[in-house]
Structures are given as structure tokens and as C-alpha cells.
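Examining the three-dimensional arrangement
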Amino acid sequence: MHADHEAGQNPEGRRSNALLRTLIQRPRTALLVLLAPVLLLAWYARDFRVDASSDAIVLENDPDLRFYDNTRRTFGADDSVFVAVTPGEDLLAPETLAAIARLDHDLAALEGVASVTSLVDLPLFESPNRGLAALGTGFVTITDPAVDRALARAELTRSPLFADALLSRDGKTTALQVTLEQQSGVAELEEERYQLWDLRDANKLTPAQKGRLVELGAELSRADARWSVSRRQQIESIREVVAAYEELGEIHIGGVPMINVDIVDYIESDLLVFGFSVLALALLMLFVLFLSLKWTVLPTIICGLTVLAIIGLLGLLDWPATIVTSNFVSLLLIVAMAMLIHIVVRFRELHAGNPDWSNGRLMAHSASDMARPCLYTALTTMVGFGSLYVSQIRPVMDFALIMVLGIAVAYALSFLLFPALNMLLGTGPQPAVHLAAIDRPSPFTRVGVWSMNHRNKVLSITCVLAVVFGFGLTRLNVENRFMDYFKEDSPIHQGMLSIDEKLGGTTPLEVVLDAEEDGF
């Protein structure tokens, strides 16, 4: 029977609201109206991006970030990539030094590289010892034929400047420091934005300045997006150059720029892997529960459209995801799937008890019955996620807002788009469902019955577990080693571990002395 014709039958029993009757009676029109904004948002999903910069993880006008930005403008950026090399041969052998010199030259020739500092560039003053007059004519390096290699090894491994920085104490590992060019034209925009933020906090912003503040945010966001692409290309170029020297020995790459690029790659990969994994598990679960292709495909479509709409909304608002907020995909799929399962289960219950009811009548009653309970569930879940907004931690606050918006969209699509889509794709005779099959106790129900019949045993087991868990709480600790967040075979873990153990590490600690005006 034609979908619109069947849907046109007036639902009997409890009356549905006008909106639900429209969805049931005119599913094609409703589907077009509802899909239009979803597809529009889906178009902006291509603008969705992941951001691992400091602006994405701290609150705006944060005093510590502002001080850090001022320091970078005054003393230069600390954007350096470190290439740690542990040769298979002697580090100071002529062949090894020649290979390091070639690697130094190839890295310095890359676009976006400001300078490269390596073992072959380090000045030597005691190999042999040279007087002040000789130093006035220039310094020698390890590649100079007149240098005493034994003295040079002792000088470099004891040097307070180079030991544990560009050369390990045992003289077996060296590092090449690749300093990358700074982002041009952004420092001035950031300083202007800081000044406008100060005026805003003091309630002194003019309408023109408010508009300029919005423009600055958009300009900086576009600049960050372009810079992220450029930085990714630079890191890939460095890796390509280093890969050509693998025969030199054990080589690892580290540094904040590389870590930022890899984190973004991991987040993007996780979004796809976890998103599709959850979707695949949901498909399998739905098919096992309902043994129906219809009730497997339809909820999955709604879940996919929900996530796609939120991703598009984030792209439209230029609201990048971070390492924290990227979890919203799998959570939204789960929340949306739970609502849809409630509707499907109610539909099957009504159909089992009233096999002569039409598809439209079944859908109207199912959606009407579950709208209020699911609304309460959605609201309480939104309140739970929304409470994270008071954390004063930027990624957590963003995660709270994204989940609140996502749950609202999931509820709307579940009770608006799902009925219309069901009317178009679910016409015709419904598969037989017997009340006995629905009422048959599940394994979970039998467990509940057993627990009620053995209350003393349940309480005893609970007390024992509470003691065990309480002891476990005393042994709980917080892991703050950044490298342990990644797998041991990941470039971040290997690079940081090698450089931290053999050299001075990749993250500098800068001490800034701010003297009084009359201090000098």
C-alpha cells in the first residue's frame, strides 16, 4: 500500500499532536523539510577541523597564555624539531660526521626551516686549547682536520652548553635542532585582540571595536588553519629527509611541533575508527536484538545523520575539536541509539498486541508513548554534561556545550525524522512478533530474580567487594608522563623517550626575569 495513503489513516486511541500527525500523514514532505537543514550542515562538515594549539585548550585572555605569547614575541618562538641520531659506528668517525653534515645541509634546505644546529656546527675551544688571539680569527668545529678527536670528545661531553643537549654524556647519541620559522603577521593580531579583550572586560568596548573583535577571531582562526596545514607539510618534509638516512643508525624525531601534528592525526584517526566501530557494533547489536533489517538500518541512519549534523555545525561555527571534545562522536551515537531503541521496542510491543494496526498507527503511538520519557532522559543527560561547563577548563567546557547540542539534535531527529523515514521505508505488512517472545524473561531478568531470592548472599558479596574496592582507591594515582599516553611503538613515545633519556628532552623550561625599570 502506498506510504502516504497508509499514513493518512487517522490513528485511533490516544490522539497524537499535530506535528506527529503531519509526520505520519505526509512523510515525503516532512522528510524533505527535515533533511534540508541536516544536509546543509553536512556540507559544512568539510570545514570541520581538529586543533591542538594552546588557544584551543585554555580560556581566552588567560594570563599565563598571554605572558607566554609576550615572551615568544620578545625572545622568539621555541618551535624546534629534534632529530636524535645514535650511529651504528663511532659518532666522531669521519664517515659518520660527513653523513651528519649532509643531513644538516638537507634539513636546512627545507622550506620553513630557519636554521639547523648540529654536532658539526658546534665551536671547539680546547681541542687543542687556543688563545684569545686565535679565537679572534674564528673558531673550529669537529670537522676541521686539525682538531684532536679525543680532546673534542672530552670537551663536548663535559660542555655545560652542549652536553645532554646536542650530545649525550656517553658520546654515542647526538641531536640536530631544527628551528622552524615563526608564523608571520599573527603576533600583531594577537596583541590587538588582547587589548580589545581588556577593554571588553572593563566594559569599554565601542560597537566598532566589538565588530573588530569578531573579525580578529575569524582572521586568527583562518590563519591558524592555514598554519596547521603548513606545519604538517614541514613535519612531513623533515621525516622524508630523515628517512633517507636510516642506514646511519637509530634515528628518532621529537619536539613540540611534531607532537602537535601527530596528536591531530591521532584524533582524526580516532574519530573515524571509534565512530565507525561504535556504528558497526550498534548495527550488530540491533540485528541480534531485533533480527530485522528494517530495525537495523533505520536507527543507524538516524544516528549517522545526528553525528553528521553536529560535525557540520562545528564546521559552520569554526569550532575545532580537541583531544577532549573529539570523544563526542561515539557518545552521541550511543545516546541517539538508546532513544531509537526505546521507540523500536515500543513499536514492536504495540504490534505484537495489535497485529491489525497499520504502520502509521503503530508509529504514531510508539513515538507519542516514548516522547516524554525520552525527553526526561535527554534533559537529565544534558544537565549532566552541561554541569561540566563550570570546570573553567576550555576543552571540558567545549565538550559540555557540544554534547548538550548533540543530545538536543539526537532527540529531535529521533522523534521527527525517524517517524517520517519509517513511513516511507516501513510500509507493508509488519514482520510477525509474538507477545510470548517479548515477555519471555531475558538472562538479565533471571539474574534480577536470583538476586531478590538471595538477598543475604548479594549483601555479603557487596560488602566484600566494597572493602576490596576501598583498598584499591588508596592505591590510585595520577599518571602525568605525557609519553605514556601513547603506544610504545608510536613516533611520539619513541622520540620523547630517546631524547629524554639520552639528551636534554624536547620541552624547554624558560625562566623569564622581569626587572624593575631602574634595575639596570
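Structure shown above.
So, here's what we can say about the structure.

Calculation rules
- Residues numbered from 1 in each chain as written.
- Predicted model: local features only at pLDDT ≥ 70, side-chain atom pairs only at ≥ 80, totals over all residues.
- Heavy atoms only, no water.
- Helix = DSSP H or I, 4+ residues; strand = E, 2+ residues; numbered from the N terminus.
- Buried < 20%, exposed > 50% of the residue type's maximum accessible area, 1.4 Å probe, protein only.
- Contact = heavy atoms within 4.5 Å.
- Areas by Shrake-Rupley, 256 points an atom, 1.4 Å probe, with all protein chains shown as cover.
- Phe/Tyr/Trp six-rings, centres within 6.5 Å; stacked < 30°, edge-to-face > 60°.
- Pairing = 2+ DSSP bridges.
- Axes fitted to C-alpha atoms, helices over the stretch in contact; angles between N-to-C directions.
- Patch = residues over 30% accessible without salt bridge, like charges linked within 9 Å, V, L, I, M, F, W, Y side chains within 5 Å.
- Salt bridge = Lys/Arg side-chain N within 4 Å of Asp/Glu carboxyl O.

What follows is about the overall build of the protein. Within the protein one finds 18 helices and 4 strands. Counting across all 520 residues of the protein, residues that qualify as buried make up 40%. Excluding contacts between residues fewer than 6 apart, the proportion of contacts in the protein whose partners are at least 24 apart in sequence is 74%. For the protein, the computed accessible surface area is about 28,800 Å², with 61% contributed by carbon and sulfur atoms.

Turning our attention to the packing of aromatic side chains. Evaluation of the coordinates by the stated rule reveals 6 aromatic pairs. Geometrically, the ring pair formed by Phe-48 and Phe-328 is edge-to-face, given 6.4 Å between the ring centres and 75 degrees between the ring planes. Remark: Phe-328 occurs in helix 12 (residues 328–353) and Phe-48 occurs in the loop between helix 3 (27–43) and helix 4 (63–75); sequence separation between them is 280 residues. Of the two residues examined, Phe-48 and Phe-328, each falls in the buried class. Between Tyr-411 and Phe-415, the aromatic rings sit 4.8 Å apart at their centres with planes inclined by 40 degrees, giving tilted as the arrangement. Placement of both Tyr-411 and Phe-415 in helix 14 (residues 394–425) is noted, with a separation of 4 residues, approximately one turn of the helix.

Turning our attention to the pairing of strand 3 (residues 174–180). Most of strand 3 is tucked away, with 5 of its 7 residues classed as buried. Relative to strand 3, strand 1 (residues 80–87) runs antiparallel, the two being bridged by 6 bridges. Residue pairing in the sheet places Val-85 in a bridge with Thr-174 of strand 3. The sheet contact formed by strand 2 (residues 113–117) and strand 3 spans 4 bridges and is antiparallel.

Attention shifts here to the sheet that holds strand 1. Where strands meet in a sheet, backbone hydrogen bonds hold them as pairs that are either parallel or antiparallel. As summarised here, the arrangement of the 4 strands in space is 2-3-1-4, forming an open sheet in which the pairing is antiparallel. The outermost strands of the open sheet, each flanked by one partner alone, are strand 2 and strand 4 (249–254). On average, adjacent strands in this sheet sit at an angle of 20 degrees to one another, irrespective of strand direction. Bridging between strand 1 and strand 4 involves 6 bridges; their strand directions are antiparallel.

What follows covers a nonpolar patch on the surface. A cluster of nonpolar side chains, namely Ile-461, Val-464, Leu-465, Val-468 and Phe-469, defines an oily patch on the protein surface of about 480 Å² accessible area. Of note, Phe-469 is situated in helix 17 (residues 455–474). Residue class for Phe-469 comes out exposed when judged on its relative accessible area of 54%.

One non-glycine residue with positive phi stands out, namely Leu-291, at about 50 degrees. Within the element layout of this structure, Leu-291 appears in the loop between helix 10 (256–290) and helix 11 (293–316). Not every positive phi belongs to a glycine, and Gln-392 is a case in point at roughly 65 degrees. Mapping Gln-392 onto the fold places it in the loop between helix 13 (359–386) and helix 14.

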